[in-house]
Amino acid sequence: MPVKVFGIEDYNAAVKKIIQVCPEQAAKFLNAQATKLLKKVRDRTPVGETKKLRRSWRKTKPKLKYGGMQIEVKSTAPHAHLIEYGHAIKRRKNGPVLGFVPGRHMLEISFNEYNKEMPFEVERWYNELVKELEV
């Protein structure tokens with residue numbers, strides 16, 4: 001049984017119009033949402049002696065891309081992917097695998113957790129903006 005969704009085209013068109021009409025408000029909203037995600041990721045990141053991994057999380061400035069706006073949340077630490085996804089333990093580069101350290105998935109878990117909240121945040125922001133602009 002196919003699922004039909006009505007109104008998505010209208011919603012997407014309205015969001016694109018808002019981004020075109022007032023990109024500064026869309027950028028402000030995205031920046032606030034990225035800050036929330038960044039806090040979740042930092043709180044979930046394991047802390048070593050130097051705390052470098054926790055302090056390495058950054059967000060980019062809002063960019064117009066693919067007909068929408070986006071912000072990236074990423075780590076500048078060169079070993080972040082090893083902690084995120086896990087890694088094999090070896091004594092030499094081509095030596096036998098002695099074990100595996102499982103990943104902590106701090107970004108993935110935080111992103112999935114945040115994705116559950118995001119539709120409500122977008123809807124609230126959208127409704128406030130529509131009232132303000134009377135689109």
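The model shown is predicted, which means the values in this text are computed figures rather than measured ones. (Residues numbered from 1 in each chain as written. Predicted model: local features only at pLDDT ≥ 70, side-chain atom pairs only at ≥ 80, totals over all residues. Heavy atoms only, no water.)

The subject of this paragraph is the overall build of the chain. Of regular secondary structure, the chain possesses 5 helices and 6 strands. Listed by position from the N terminus, the elements making up the chain come as α-α-α-β-β-β-β-α-β-β-α. Against the compact-globule benchmark of 14 Å for 135 residues, the chain has a radius of gyration of 20 Å, which places it well outside the compact range. If you line up the chain on its principal axes, its C-alpha atoms span 65 × 45 × 25 Å. Residues counted as buried form 28% of the 135 residues belonging to the chain. Across the chain, every contact between residues at least 6 apart in sequence was considered, and the portion connecting residues at least 24 apart equals 50%. Carbon together with sulfur atoms contributes 57% to the accessible area of the chain, which is approximately 10,200 Å² in total. Distance between charge centres in the chain, computed from 27 positive and 15 negative side chains, equals 12 Å. (Helix = DSSP H or I, 4+ residues; strand = E, 2+ residues; numbered from the N terminus. Rg over C-alpha atoms; globule rule 2.2 N^0.38 Å. Buried < 20%, exposed > 50% of the residue type's maximum accessible area, 1.4 Å probe, protein only. Contact = heavy atoms within 4.5 Å. Areas by Shrake-Rupley, 256 points an atom, 1.4 Å probe, with all protein chains shown as cover. Lys, Arg positive; Asp, Glu negative; His and termini not counted. Charge placed at Lys NZ, Arg CZ, Asp CG, Glu CD.)

Within this model, the largest pocket holds a volume of roughly 350 Å³. Lining the largest pocket are 15 residues, with Leu37, Ile71, Val73, Phe111 and Tyr114 sitting closest to its centre. Those elements giving two or more residues to the lining of the largest pocket turn out to be helix H2 (23-44), strand E3 (68-70) and helix H5 (106-133). Each residue belonging to the lining of the largest pocket can be placed in one class, and the counts come to 10 nonpolar, 3 polar and 2 charged. (1 Å grid on protein atoms, 1.4 Å probe; cavity = no way out; pocket = protein on both sides within 12 Å on 5 of 7 lines; lining within 4 Å. Points joined across faces, edges and corners; volume = space filled by probe spheres on them. Nonpolar A, V, L, I, M, F, W, Y, C, P; charged D, E, K, R; others polar.)

Residues three or four positions apart in an α-helix share a direction because the helix packs 3.6 residues into each turn. End to end, H2 covers 31 Å across 22 residues, agreeing with the expected 32 Å (1.5 Å per residue, within 8%). By the burial criterion, the buried members of H2 are Ala26, Ala27, Phe29, Leu30, Gln33, Ala34, Leu37, Leu38 and Val41. (Expected span 1.5 Å × (residues − 1).)

On to the side chain of Ser56, then. Within the fold, Ser56 resides in the loop between helix H3 (52-55) and strand E1 (57-59). A polar contact is formed between the side chain of Ser56 and the side chain of Ser75, at a distance of 2.6 Å. Each residue touching Ser56, except ones within four places of it in the same chain, is listed here: Lys74, Ser75, Thr76 and Ala77. (Polar contact = N/O pair within 3.5 Å; in protein donor to acceptor, adjacent residues only side chain to side chain.)

Turning next to the side chain of Ser110. Relative to the helices and strands, Ser110 resides in helix H5. Polar contacts involving the side chain of Ser110 include one to the main-chain carbonyl oxygen of Met106, which spans 2.7 Å. When neighbours within four sequence positions are excluded, Ser110 is seen to be in contact with Leu37, Lys40, Val41 and Arg44.

For the rest of this paragraph, the subject is the confidence of the model for the chain. Confidence in the prediction for the chain averages 87 pLDDT; 92% of positions are at 70 or higher. Here helix H1 (residues 8-21) is the element of the chain with the lowest mean pLDDT, 71, and E1 is the one with the highest, 97. Confidence over residues 1-5 falls short of pLDDT 50; this stretch has 0 contacts with residues more than four positions distant or in other chains. (pLDDT = per-residue confidence, 0-100.)

This part takes up H5. With 28 residues, H5 extends 38 Å between its outermost C-alpha atoms, agreeing within 8% with the 40 Å of an ideal straight helix rising 1.5 Å per residue. Its axis deflected by about 40° at Glu117, H5 carries its strongest bend there, up to four residues before the proline Pro119. Two residues or fewer after H5 comes Glu134, characterised by a positive phi angle close to 55°. (Bend = angle between axes of the 7 residues up to and from the residue.)

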